[in-house]
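# Descriptive structure summary
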Amino acid sequence: MNNLLPMDPILTAFNQAQFEFGDLCRRFQGYAFEALGLGPNESSYRIAASGTFWRLRDYGGQTGGPSVLIIAAPIKRPYIWDLCPSVSVIRLCMQHGVRVHLLDWLPATPATGNNGLREHMDAIRRCVGEIADEIGNAKPYLFGHSLGGTLAAMFGALASDAIRGIALLGAPLCFKPAASRFRDSLVSLVPSGLPDAIPCPGSLLSSVSALASPETFIWSRFADAAFSLADGHGLEIHGRVERWALDEAPLPGRLAHQLVDWLYREDRFCRGVLAIGGRSLGPQSVAAPMLAIVNTADDVAPRGSIEPFVEAMGTSDARIVEYPGETGVSLQHLGLLIGQAARAQVWPKILSWMSARA
């Protein structure tokens, strides 16, 4: 009996391999969508700087105008910001004279699987510095959607003086019990103490999200497809989103562990006890102007996951704008980035908010 191998490491390795294979299978399914003409149609860009697990994309744009650094969500690939010309936030911003950069997190590898929040804050700091040097010490705005927005707010708490403002789109900041049904379900499903030295497969995160909120990640997608049948453009966008959703990428294990335990389970950021870089970060640490856009039809980041943080911030220049969601976006959580109503109603408010602080 003493010669038997311990079961926990074996089961962990088996589950890891199972979900890594799931990543591969889902990516091949995505290639099938791409073969039908539903792949990403991104704008051209250059790589302005890079690290072991990130790249800074420079899309260009006018000099002398406002500059934006988009903090991509570390889950999935960042081309949801630039899915195709008709629903591209990046193209929209450039059309309005904004200089656009994007921080692209590379898929985690065994060598980078132990990167956590501190390393991600260091990467944002490096990118902010690169942009400031490039455009003559001008401070950029930070844009972030979903967990990309959460990371942007953390950097705002860490170094508000380095940025001009923060625009958040469906970005949860408060994770206390009952802040959202998605948060409560996720905490009940995911055990504490996830492995933090190896990459976390993307399909594992997708599966947990679907279990935590099947209405959001499964049933609403079917309903949106049905409603889009008579709308050629909506059906095309739905297909492009499905292709994007299949483009799985592993997340650093340490980052996944910290997001689940430190944020979703313990709500350290909103409580003001998130320790990064020798400091305790929270709402009172954020002095930069903030505009938070909330999709009232989104269960992942409802108003209750944002409002308590905004109310406790260390600046009076912070407000919340509501958007009711729309059909033709597949997932309501993505509506602010790809919705036609969002493009017509929400983005002019974001651009005006920037102009007022130029």
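Residues numbered from 1 in each chain as written. Predicted model: local features only at pLDDT ≥ 70, side-chain atom pairs only at ≥ 80, totals over all residues. Heavy atoms only, no water.

## Examining the sheet that holds strand 3 (residues 67–71)
Read from one edge of the open sheet, eight strands run 1-2-4-3-5-6-9-10, paired in mixed fashion. Two strands bound the open sheet, and with one partner strand each, they are strand 1 (46–50) and strand 10 (318–323). The average angle at which neighbouring strand axes cross in this sheet is 20 degrees, direction not considered. Where strand 1 lies against strand 2 (residues 54–60), four bridges are found, and the strand directions are antiparallel. Its bridge partner lying in strand 2, Ala 49 is registered against Leu 56. Docked against the sheet, helix 4 (residues 147–158) engages strand 3, strand 4 (99–105), strand 5 (141–145), strand 6 (165–169) and strand 9 (290–295), running at close to 145 degrees with respect to strand 5. Helix 14 (residues 347–355) rests against strand 3, strand 5, strand 6, strand 9 and strand 10 of the sheet, and its axis sits at about 170 degrees to strand 6. (Pairing = 2+ DSSP bridges. Helix = DSSP H or I, 4+ residues; strand = E, 2+ residues; numbered from the N terminus. Axes fitted to C-alpha atoms, helices over the stretch in contact; angles between N-to-C directions. Contact = heavy atoms within 4.5 Å.)

## Here we look at the pattern of salt bridges
Counted according to the given criterion, the structure contains 24 salt bridges. Across the pair Asp 196 and Arg 254 runs a salt bridge whose closest N-O atoms are separated by 3.9 Å. On the criterion of sequence distance, the pair formed by Asp 196 in the loop between helix 5 (181–189) and helix 6 (202–212) and Arg 254 in helix 9 (residues 253–265) is long-range, its members being 58 residues apart. Owing to a relative accessible area of 29%, Asp 196 belongs among the partly exposed residues under this scheme. For Glu 236, the salt bridge is made with Arg 240, and the minimal N-O distance between the two is 2.9 Å. Placement of both Glu 236 and Arg 240 in helix 8 (residues 232–245) is noted, with a separation of four residues, approximately one turn of the helix. Looking at Arg 240, the relative accessible area reads 10%, which means it is buried. (Salt bridge = Lys/Arg side-chain N within 4 Å of Asp/Glu carboxyl O. Buried < 20%, exposed > 50% of the residue type's maximum accessible area, 1.4 Å probe, protein only.)

## Topic: the side chain of Asn 295
Mapped onto the secondary structure, Asn 295 falls in strand 9. With relative accessibility at 1%, the residue Asn 295 sits in the buried group. Within polar-contact distance, the side chain of Asn 295 engages the backbone nitrogen of Ala 297 at 2.8 Å. Residues within four places of Asn 295 in sequence aside, it is in contact with Tyr 323, Pro 324, Gly 325, Gln 332 and Leu 336. (Polar contact = N/O pair within 3.5 Å; in protein donor to acceptor, adjacent residues only side chain to side chain.)

## Quick look at the confidence of the model for the protein chain
For the protein chain, per-residue confidence averages 89 on the pLDDT scale, and residues scoring 70 or more make up 92% of the total. Scored below 50 in pLDDT, residues 1–11 makes one contact in the model with residues more than four places away or belonging to other chains. (pLDDT = per-residue confidence, 0-100.)

## Describing the packing of aromatic side chains
This model, assessed by the stated rule, comprises eight aromatic pairs. Arranged with centres 5.9 Å apart and planes meeting at 45 degrees, the rings of Phe 182 and Phe 217 form a pair that is tilted. Of the two residues, Phe 182 is situated in helix 5 and Phe 217 in helix 7 (residues 214–227); the sequence distance between them amounts to 35 residues. There is no split in this pair, since Phe 182 and Phe 217 are both buried. Considering the side-chain rings of Phe 269 and Phe 309, the 4.8 Å spacing of their centres and the 50 degrees angle between planes classify their relative orientation as tilted. Here Phe 309 lies in helix 11 (residues 307–311) and Phe 269 lies in helix 10 (residues 268–271), a separation of 40 residues in the sequence. Classification of Phe 309 by relative accessible area gives buried; the value is 0%. (Phe/Tyr/Trp six-rings, centres within 6.5 Å; stacked < 30°, edge-to-face > 60°.)

## Describing unusual backbone geometry
Residue Ala 178 is not a glycine yet carries a positive backbone phi of 75 degrees. For Ala 178, the location among the structural elements is in the loop between strand 6 and helix 5. Exposure remark for Ala 178: the relative accessible area of 65% places this residue in the exposed category. At Ser 330, a position not held by glycine, the phi torsion is positive, near 70 degrees. Within the secondary structure, Ser 330 is located in the loop between strand 10 and helix 12 (335–338).

## Topic: the packing of helix 7 against helix 8
Interaxial distance between helix 7 and helix 8 falls to 9 Å at its minimum, and their mutual angle equals 150 degrees. Here helix 8 runs roughly antiparallel to helix 7, going by the angle between their axes. The two elements helix 7 and helix 8 meet at a crossing, and its hand is left-handed. Seen from helix 7, the contacting residues are Arg 221, Asp 224 and Ala 225; seen from helix 8, they are Leu 235, His 238, Glu 242 and Ala 245. (Parallel < 35°, antiparallel > 145°, perpendicular 65-115°, else oblique. Left-handed = near helix turned anticlockwise from the far one by under 90°.)

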